[in-house]
Amino acid sequence: MLGIKSYLRASFRSMSMQALSRIYTLNMSTSETVDSVVKEISAARIDHEVDSPNSNKVEKKSKPKKAPKDNTVQKPIAKKKEVKKDTGLGLSVKKDENFGDWYSEVVVQGEMIEYYDVSGCYILRPWSYSIWDSLKDFFDAEIKKMGIKNSYFPLFVSEKALTKEKNHIEGFAPEVAWVTKSGETNLEMPIAIRPTSETVMYPIFSKWIRGHRDLPLKLNQWCNVVRWEFKHPTPFIRSREFLWQEGHTAFATKEEADEEVLAILELYRKIYEEFLGVPVIKGKKSEVEKFAGGLYTTTVEAFIPNTGRGIQGATSHCLGQNFAKMFEIIFENEKGERSMVWQNSWAYTTRTIGVMVMIHGDDKGLVLPPRVAPLQAIVIPVPYKDADTQAILEECIKTVQTLRAAGIRIEEDLRDNYSPGWKYSHWELKGVPLRIEIGPKDLANKQVRVVRRDSFVKEDVPLGQLTERVGELLEKIQSDMFERAKLKRDSCIKKVENWDEFMCALNDKMMVLAPWCDEPDVEEDVKTRTKGETGAAKTLCMPFDQPDLPEGAVCFASGKPAKKWALWGRSY
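An account of the accompanying structure is given in this report.

Basis of the calculations
Residues numbered from 1 in each chain as written. Predicted model: local features only at pLDDT ≥ 70, side-chain atom pairs only at ≥ 80, totals over all residues. Heavy atoms only, no water. 1 Å grid on protein atoms, 1.4 Å probe; cavity = no way out; pocket = protein on both sides within 12 Å on 5 of 7 lines; lining within 4 Å. Points joined across faces, edges and corners; volume = space filled by probe spheres on them. Helix = DSSP H or I, 4+ residues; strand = E, 2+ residues; numbered from the N terminus. Nonpolar A, V, L, I, M, F, W, Y, C, P; charged D, E, K, R; others polar. Core = buried A, V, L, I, M, F, W, Y, C linked by side-chain atoms within 4.5 Å. Buried < 20%, exposed > 50% of the residue type's maximum accessible area, 1.4 Å probe, protein only. Contact = heavy atoms within 4.5 Å. Pairing = 2+ DSSP bridges. Axes fitted to C-alpha atoms, helices over the stretch in contact; angles between N-to-C directions.

**Considerations on empty space enclosed by the protein**
Counted under the stated rule, the structure contains 1 cavity of 30 Å³ or more. By volume, the largest cavity is sized at about 70 Å³. Looking at the largest cavity, the residues that line it are Ile378, Tyr424, Trp427, Glu428, Val432, Pro433, Leu434, Arg435, Val451, Arg452, Arg453 and Phe456. Elements supplying a minimum of two residues to the lining of the largest cavity: helix 15 (420-429), strand 17 (434-438) and strand 18 (447-452). Here the lining of the largest cavity takes 3 residues from helix 15, the largest share from any one element.

Structural data, given as structure tokens:
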């Protein structure tokens, strides 16, 4: 209807201006011609008024036309729905029906990210950055207990330094972004933006490390890196710029390096399982999948049941002495002998947040584990007609003050331009673990109603027991979320012995535990044989927790003697 009205107005204006133009161009001494043009203008105005449904002045003043105005008093509900729609509440896609679209929608509607005009780059909104802060606070405190110190190295790396370790750069070459101009002037030598910082930091390590008293050198930095992905960018999971911590350490002995690799990996497990409620499997990467240029790589692997894909959660690498050789990081030991250091590097990224969303989110939005939720509880007043609204609001504020004093991250939502139901949906979408409702009955009974986001179970809690009960519920939600996720993950692991069983499990969107000969050529062959529209299968890790390998067991893919069990699957 709006388009029709606009068209009519434009037509009328067009006709009128044409007619007026004719008046100015005609010989004005001819009164007959002027009269005819005036008649044309009048006719255009009449035609416009007849065709326009709101133009008839007589009908506009008539009683039948006044009735809709009287009825507008009965339309606050309709207006409320319109506001709700404009605010973007509710998801249009179900998680089990279209996972990709669901994920893209939930991270935006849940106020985790905002899209940016550079493809593959995203704005982290306060809701998601607060989660990153929680993880950062935990990890930073733990590594400081290990004697690891924070530092910061430049974003840029010279081409000479970046290409010094050939195997290393081959792993990152397609993703390296280069600065080639300053204003309109071409740079004499292009400068790379760090995809990782080994080649930025290790030339400096060689200056700082001279003798055994300079060891161990243990540094960490919180920063951003750029990897110019050409695959499909996905917020948090695969982006061209992301935040991470990267630790770089140097030791006199391999034993010290090995010990730290596992200690850091355990911290990564805690981040996923104890904070994010996401079950992971600790293991070692294959030679094909290990960090380029490193000696070996350990990993924590998660799994997304909806897509049937594994996802690398975080990695802790032992680099051996390869980089020490390339960058001449040599020290004099206690015997006066020159020796190369043993090095590690380890990192986790904002990918952690995306994995959490994928595992726990539902059709109503985010579901946040209490330990990382920016808000652990939201208090919402529920005033009924003729209720003492002021008393309800005061009780809401008092409840927030009481729980906040007990260390609960909590706020009240006292906005009077939204209904309680709208607020319920809003905070469900954002994944707040607990909702506390206070209405006139609650006020009279000296209680509140508490609703869990993860299960929507409701219970009435006396005010005198509220602080203790909220603490218990938050811990219960945290453990329940992990247990549900673990139960689901475990149901997606299939143990097989031969190729046919492997393919059947893979096509059922499973992770596959299979006996393997641990040969790179066989892994490459598996990738080739399973390559398709949904991607090829590869080793996710060799789990540290190895089942017993039967005597005489053979590799599921090659028929050669099996050396260990490997976890296989498609992955992000």
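**With respect to the layout of surface pockets**
Considering only enclosed or pocket space, the second largest pocket measures out at about 500 Å³ in volume. For the lining of the second largest pocket, the elements supplying multiple residues, two or more each, are strand 10 (296-304), helix 13 (351-360) and helix 17 (466-490). Per-element accounting of the lining of the second largest pocket gives the leading share, 5 residues, to helix 17. Of the residues contributing to the lining of the second largest pocket, the split by class is 11 nonpolar, 3 polar and 8 charged.

**Here's the deal with the nonpolar core**
Judged by nonpolar contacts, the single largest core of 60 residues is most densely connected at Met112, Phe139, Tyr268, Tyr348, Val355, Met356 and Val357. When near neighbours in sequence (up to four residues on either side) are disregarded, Met112 contacts Val107, Ile123, Leu124, Arg125, Trp127, Ser128, Ile131, Phe236, Ile353, Met356, Val357 and Leu366. Membership of the second largest hydrophobic core comes to 25 residues, among which are Leu162, Val176, Met201 and Phe327.

**A look at the pairing of strand 23 (residues 564-571)**
When you tally the buried positions in strand 23, you get 7 out of 8 residues, the bulk of the element. Note: strand 11 (residues 309-320) against strand 23, 2 bridges, orientation parallel. In the sheet register, Arg309 faces strand 23, and the bridge partner there is Arg570. Direction of pairing for strand 21 (residues 511-516) relative to strand 23: antiparallel, over a ladder of 5 bridges. Opposite Leu513, over in strand 23, you have Leu567 as the bridge partner. Taken together, the 3 bridges between strand 22 (residues 538-543) and strand 23 define a ladder with antiparallel strand orientation. By the bridge assignment for strand 23, Cys541 is matched with Leu567.

**Observations concerning the sheet that holds strand 18**
Pairing in this open sheet of 5 strands is mixed, and the strands run 16-15-17-18-19 from one edge to the other. Unpaired on one side and paired on the other, strand 16 (410-412) and strand 19 (458-462) mark the two borders of the sheet. Along the sheet, successive strands turn relative to each other by an average axial angle of 25°, direction set aside. Note: strand 15 (residues 377-381) against strand 17, 5 bridges, orientation parallel. When the sheet's bridge partners are listed, Ile378 is paired in strand 17 with Arg435. Where helix 15 meets the sheet, it contacts strand 15 and strand 17, and its direction lies at approximately 170° from that of strand 15. Helix 17 rests against strand 17, strand 18 and strand 19 of the sheet, and its axis sits at about 5° to strand 18.

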